[in-house]
Amino acid sequence: MDLVYEACSKEFLTIFKLLLRIPNFKRLPAIDISEVTEECPLERTKRRADDELTNSPDDRLHLIEQILLRTVHLMAHEQEEARLLSMNVVILCLEELRETDHLLLPSTHKVWGYLGARFRDKSILVLEKAYDLFLTLAATARSFVRQRVTASLFDSFCSFLDKSQDPATYGIREHSTLHRIQLRFVSTVGLVSLHLKLDSKCVARLEQCLVSLANHPYLAQAAQSSLALIAQTKEAY
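Going by what an unreviewed UniProt entry lists, the protein chain is known as TTI1 C-terminal TPR domain-containing protein and is assigned to Cichlidogyrus casuarinus.

What follows is the structure, encoded as structure tokens:
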């Protein structure tokens, strides 16, 4: 848990410095700006929690939940760096809440409201981070987000796989961000299917897309890995 505090503290300090550039931000009553550069708000909150509370696991988890709820709206911030940093913090928080459904599920509902727009973000780095966040949701909330995925994201995912079959994409530079996103998506989509326990129709559609990548010069192996996981999903029916 202390690692989460440390990581979040660094993220928060950077985010608050970004927020200071917003006109009239200093007028917002909820933030004591005079303390931002002296001590990160998260560090101050942790110190007060250590002093005033019992440091029980529940106290710490509720603090993590509050961190998430106060960070998630920054996923819609106009500055790319703020969007990226806020998603990093949200990912850390979700991972800590994964064993506490009464905190995780309401937090997941809140995060989902901001996530969809990030998949339409103009920044490819934000798109990549949005998928990382989605993977975290799939691994933690699992069936809770299944219907949301099939209703709002599944067609886009299949479309991305279809576009990856285009020979025009074969020339993408190996170390480019787009190559990294393609490889990560193809290699993990089978795990997503397993986590979410997608229905047979969705599984068949994913399987069709992945089989079509069998001869792709750098996605074939990743596709085979996902197909193996999809086979496990089918066995669970």
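Asks: Whenever I open this one, the packing of aromatic side chains confuses me. Can you help?
Replies: Within this structure, the stated rule accounts for eight aromatic pairs. With a centroid separation of 5.2 Å and an interplanar angle of 55°, the aromatic rings of Tyr 131 and Phe 185 are classed as tilted. Of the two residues, Tyr 131 is situated in helix 6 (residues 124-140) and Phe 185 in helix 9 (residues 177-196); the sequence distance between them amounts to 54 residues. Of the two residues, Tyr 131 and Phe 185, neither departs from the other in class, the shared state being buried. Ring plane angle 80° and centroid distance 5.2 Å describe the contact between Phe 160 and Phe 185, whose orientation is recorded as edge-to-face. Of this pair, Phe 160 sits in helix 8 (residues 154-164) while Phe 185 sits in helix 9, and the two are 25 residues apart along the sequence.

Asks: Explanation requested: empty space enclosed by the protein in the structure shown.
Replies: Where empty space is left can be seen by rolling a probe of water-molecule size over the atoms. In this structure the tally under the stated criterion is two cavities of 30 Å³ or more. In this structure, the second largest cavity occupies an estimated 30 Å³ of space. Lining the second largest cavity are Val 149, Phe 154, Phe 157, Val 189, Val 192, Leu 198 and Leu 206. Partitioned by chemical class, the residues of the lining of the second largest cavity number seven nonpolar, no polar and no charged.

Asks: Sorry, what's going on with the packing of helix 4 (residues 80-96) against helix 5 (residues 101-118) here?
Replies: In a pair of packed helices, the angle between the axes and the distance between the axes together describe the arrangement. Contact geometry of helix 4 with helix 5 gives a least axis separation of 12 Å together with a crossing angle of 155°. As summarised for this structure, helix 4 and helix 5 are arranged roughly antiparallel, according to the angle between their axes. Remark: the crossing between helix 4 and helix 5 carries left-handed chirality. Residues Arg 83, Met 87, Val 90 and Leu 94 of helix 4 form the contact with helix 5, whose own contacting residues are Leu 104, Thr 108, Val 111 and Arg 118. Across the contact of helix 4 with helix 5, the residue classes break down as five nonpolar, one polar and two charged.

Asks: Looking at this structure, how should I read the pattern of salt bridges?
Replies: Pairing is possible between side chains of opposite charge, provided their charged atoms come close. Taken as a whole, this structure holds six salt bridges when the rule is applied. Note that Asp 121 and Arg 83 form a salt bridge whose closest N and O atoms lie 2.9 Å from each other. You can see Asp 121 sitting in the loop between helix 5 and helix 6 and its partner Arg 83 sitting in helix 4, a full 38 residues away along the chain. When its relative accessible area of 9% is taken as the criterion, Asp 121 is described as buried. Assessed through its relative accessible area of 9%, Arg 83 is described here as buried. Each of Arg 83, Arg 118 and Asp 121 takes part in one network of salt bridges that share partners.

Asks: Looking at this model, I keep getting lost on the packing of helix 4 against helix 6. Mind explaining?
Replies: Look at helix 4 against helix 6: their axes get within 10 Å of each other, and the N-to-C directions meet at 15°. Judged on the interaxial angle alone, helix 6 and helix 4 are roughly parallel. For the pair helix 4 and helix 6, the crossing hand works out as left-handed. Touching Glu 80, Arg 83, Leu 84, Met 87, Asn 88, Val 90, Ile 91, Leu 94 and Glu 95 of helix 4 are Leu 125, Val 126, Lys 129, Ala 130, Asp 132, Leu 133, Thr 136, Leu 137 and Thr 140, all from helix 6. For the contact of helix 4 with helix 6, the class distribution of residues is 10 nonpolar, three polar and five charged.

Asks: Sorry, what's going on with unusual backbone geometry here?
Replies: Leaving glycine out, the prevailing phi sign among residues is negative, and the prevailing peptide bond configuration is trans. Positive phi values are uncommon outside glycine, yet Arg 142 reaches one of about 50°. Within the chain, Lys 197 stands out as a residue other than glycine whose phi angle is a positive 55°. Assignment of secondary structure puts Lys 197 in the loop between helix 9 and helix 10 (200-211). Relative accessible area serves as the criterion here: at 60%, Lys 197 is assigned to the exposed category.

Asks: In this structure, what is going on with a nonpolar patch on the surface? I would like to understand it.
Replies: A cluster of nonpolar side chains, namely Ile 124, Leu 125 and Leu 178, defines an oily patch on the protein surface of about 200 Å² accessible area. By the element assignment, Leu 178 lies in helix 9. Given the relative accessible area of 34%, Leu 178 is considered partly exposed.

Calculation criteria
- Residues numbered from 1 in each chain as written.
- Predicted model: local features only at pLDDT ≥ 70, side-chain atom pairs only at ≥ 80, totals over all residues.
- Heavy atoms only, no water.
- Phe/Tyr/Trp six-rings, centres within 6.5 Å; stacked < 30°, edge-to-face > 60°.
- Helix = DSSP H or I, 4+ residues; strand = E, 2+ residues; numbered from the N terminus.
- Buried < 20%, exposed > 50% of the residue type's maximum accessible area, 1.4 Å probe, protein only.
- 1 Å grid on protein atoms, 1.4 Å probe; cavity = no way out; pocket = protein on both sides within 12 Å on 5 of 7 lines; lining within 4 Å.
- Points joined across faces, edges and corners; volume = space filled by probe spheres on them.
- Nonpolar A, V, L, I, M, F, W, Y, C, P; charged D, E, K, R; others polar.
- Axes fitted to C-alpha atoms, helices over the stretch in contact; angles between N-to-C directions.
- Parallel < 35°, antiparallel > 145°, perpendicular 65-115°, else oblique.
- Left-handed = near helix turned anticlockwise from the far one by under 90°.
- Contact = heavy atoms within 4.5 Å.
- Salt bridge = Lys/Arg side-chain N within 4 Å of Asp/Glu carboxyl O.
- Patch = residues over 30% accessible without salt bridge, like charges linked within 9 Å, V, L, I, M, F, W, Y side chains within 5 Å.
- Areas by Shrake-Rupley, 256 points an atom, 1.4 Å probe, with all protein chains shown as cover.

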